[in-house]
Amino acid sequence: MSATLTPLASDEFQAPGLGIFDWPPLVDDVAWFNKPALLAFTASILVVVFAFIAFSKPKLVPRGVQNVGELAYDFVRDQIARPNLGKDSDRWMPLLFTMFLFVWIMNLFGSVIFIQFPVMARIGYPAVLSIGVWLLVMYLGIKHQGPIGFFKNVMFPPGLPGWIYVLVAPIELISTFFLRHITHAVRLFATMMAGHLIVALFSEVGWHFLAVQITPLGAPLGVLGVAMTILLTAFELFIQALQAYVFALLTAMFINDAVHPAH
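Residues numbered from 1 in each chain as written. Predicted model: local features only at pLDDT ≥ 70, side-chain atom pairs only at ≥ 80, totals over all residues. Heavy atoms only, no water.

**Q** What am I meant to see in unusual backbone geometry here?
**A** For residues besides glycine, phi is generally negative; the peptide bonds are generally trans as well. Of note, aspartate 29 is a non-glycine position whose phi angle comes to about 65°, a positive value. Summarising the element assignment, aspartate 29 is placed in the segment before helix 1 (35–55). Unusually for a residue other than glycine, glutamine 116 sits at a positive phi of about 45°. Inspection of the secondary structure puts glutamine 116 in the loop between helix 3 (89–108) and helix 4 (124–145). A relative accessible area of 18% means that glutamine 116 is categorised as buried. (Helix = DSSP H or I, 4+ residues; strand = E, 2+ residues; numbered from the N terminus. Buried < 20%, exposed > 50% of the residue type's maximum accessible area, 1.4 Å probe, protein only.)

**Q** How do you make sense of the confidence of the model for the protein chain when you look at a structure like this?
**A** Interpretation of this model should avoid reading the predicted coordinates in detail wherever pLDDT is low. Residues of the protein chain with pLDDT of at least 70 account for 95%, and the chain-wide mean is 90. Scored below 50 in pLDDT, residues 1–9 makes 25 contacts in the model with residues more than four places away or belonging to other chains. (pLDDT = per-residue confidence, 0-100. Contact = heavy atoms within 4.5 Å.)

**Q** Is there a simple way to explain the environment of phenylalanine 97 in this structure?
**A** Considering the arrangement of structural elements, one finds phenylalanine 97 in helix 3. C-alpha separation for the pair phenylalanine 97 and asparagine 67, spaced 30 residues apart in sequence, amounts to 15 Å. Once residues within four sequence positions are removed from consideration, phenylalanine 97 is found in contact with Phe50, Phe55, Gly69, Ala72, Tyr73 and Val76.

**Q** Looking at this structure, I do not really get the side chain of lysine 35. What am I missing?
**A** Structurally, the position occupied by lysine 35 is in helix 1. It turns out lysine 35 is buried and unbridged, and the closest side chain with the opposite charge, aspartate 22, is 13 Å from it. (Lys, Arg positive; Asp, Glu negative; His and termini not counted. Salt bridge = Lys/Arg side-chain N within 4 Å of Asp/Glu carboxyl O.)

**Q** I would appreciate a short explanation of the packing of helix 4 against helix 7 (residues 218–259) in the present structure.
**A** Angle between the axes and distance between the axes: these two values describe a pair of packed helices. At a closest axis distance of 7 Å, the pairing of helix 4 and helix 7 adopts a crossing angle of 20°. As far as their axial angle goes, helix 7 and helix 4 are roughly parallel. Seen along the crossing, helix 4 lies across helix 7 with a hand that is right-handed. Between helix 4 and helix 7, the residues in contact are Pro126, Leu129, Ser130, Val133, Leu136, Val137, Leu140, Gly141, His144 and Gln145 and Phe247, Thr251, Phe254, Ile255, Asp257, Ala258 and Val259, respectively. When its residues are assigned to classes, the contact of helix 4 with helix 7 shows eleven nonpolar, five polar and one charged. (Axes fitted to C-alpha atoms, helices over the stretch in contact; angles between N-to-C directions. Parallel < 35°, antiparallel > 145°, perpendicular 65-115°, else oblique. Left-handed = near helix turned anticlockwise from the far one by under 90°. Nonpolar A, V, L, I, M, F, W, Y, C, P; charged D, E, K, R; others polar.)

**Q** Mind showing me how you'd approach the packing of aromatic side chains here?
**A** Centre-to-centre distance and the angle between the planes together describe a pair of aromatic rings. Applying the stated criterion to the full structure yields 14 aromatic pairs. Their ring planes at 40° and their centres at 6.4 Å tell us that phenylalanine 235 and phenylalanine 238 sit as a pair that is tilted. Taken as a pair, phenylalanine 235 and phenylalanine 238 lie in helix 7 at a separation of three residues, close to a single helical turn. Exposure remark for phenylalanine 235: the relative accessible area of 47% places this residue in the partly exposed category. Aromatic ring contacts, followed pair by pair, group Phe75, Phe100, Trp104 and Tyr245 into a single cluster. (Phe/Tyr/Trp six-rings, centres within 6.5 Å; stacked < 30°, edge-to-face > 60°.)

**Q** Could you clarify how one ought to interpret the nonpolar core in this entry?
**A** Considering soluble globular proteins, one finds that nonpolar side chains tend to be buried as a cluster. Val76, Leu96, Phe102, Val103, Met106 and Met120 are the most contacted members of the largest nonpolar core, which totals 49 residues. Those elements that provide at least two residues to this core are helix 1, helix 2 (64–85), helix 3, helix 4, helix 5 (147–155), helix 6 (165–212) and helix 7. Beyond its immediate sequence surroundings of up to four residues, valine 103 is in contact with Met120, Leu129, Leu188, Ala244 and Phe247. (Core = buried A, V, L, I, M, F, W, Y, C linked by side-chain atoms within 4.5 Å.)

**Q** Looking at this structure, I do not really get the packing of helix 4 against helix 5. What am I missing?
**A** Helix 5 packs onto helix 4 with a crossing angle of 105° between their chain directions and a minimal axis gap of 6 Å. By the angle class used here, helix 4 and helix 5 are roughly perpendicular. Across from Val137, Met138, Gly141, Ile142 and Gln145 in helix 4, the residues of helix 5 making contact are Pro147, Gly149, Phe150 and Asn153. Its residues placed into classes, the contact of helix 4 with helix 5 shows five nonpolar, four polar and no charged.

**Q** What's the story with the pattern of salt bridges in this structure? I'm lost.
**A** Taken as a whole and assessed by the stated rule, the structure comprises four salt bridges. Residue aspartate 74 pairs with arginine 77 through a salt bridge whose shortest N-O separation is 3.2 Å. One end of the pair, aspartate 74, and the other, arginine 77, are both in helix 2, three residues apart, so they sit about a helical turn from each other. The residue arginine 82 makes a salt bridge to aspartate 78 at a minimum N-O spacing of 3.5 Å. Of this pair, arginine 82 and aspartate 78 both sit in helix 2, four residues apart, which is roughly one turn of that helix. You can call arginine 82 partly exposed: its relative accessible area is 42%. With relative accessibility at 33%, the residue aspartate 78 sits in the partly exposed group. Via salt bridges that share partners, Asp74, Arg77, Asp78 and Arg82 belong to a single interconnected network.

Here's what the structure looks like:
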C-alpha cells in the first residue's frame, strides 16, 4: 500500500490499481525474492519463535507469551479441531494451530505500518497451502478408505435413488476433489486482495485531497478518505483473523471427510 502514498506527478486523482500488488525483486537476478517472499519468510520465523517462547518452558501459571499462546491454542482446539475432528483433534492440532497462526500473520501484515501488504493477496501463497492440504487429503482418504472406497464414498453417497447417481457422481467428483480446494485458496486470496485494494483507494483519496490537491471542495473528500481508511483498517483486522480461522476450519473439515467417510 505504501506505493499508493507517493505524491502524484499531476494534480489529477488516480485510483490505485492492481499494480500495488506487484513488487520488484529485492536482490538482482533473484526474481522470486521480493517483498511478499521476505514477508512470508518472516511470518514463518515469527510462528516458530512465538511457539518456542510460549511452549518450550511452560509454567503451571501461564504468564506473558505463554498465556497468549495457550489462549490461541485453546481457541483453535475448541473452535476448529474438536468440533470437526472429535477424538482425532489432538493429532492434528500441530498442523491446524501452525496454519492458523501463519495465515493470520501473513494477513496481519496488511495492517502493520511500514509493511502494509497482506501476503495472502498474492494467489501463489494461498494456492501452495491449498495444494498441500489437497495432497494430504488425497493421501489420508486413500490410506483410510482405500483407493476405490475413497472415490466410491465420495461419488456414491448412500440412501439416494439409483438413477440420481448419474447426476450426483460427477458433481461430487468435481466438487470434492477439485472445486472445494480451488475455492479454499481463492476465498482467502480474493478477500485479502479486495480489502487491501479498498483501503488503498480511501488512503489515496485522503492523501490526494489533503496533501496534493487542496481545495475547499476537495478537503471534505480528503477527511472522508482518512476516516474511511481508519474504519476499514479496523474492519480488516477482524477480516484477517476471520479468514485465518476459516482457512484452518475448512482444512479440519477436509481432513475429517478423508479419515471418516460419511455413511
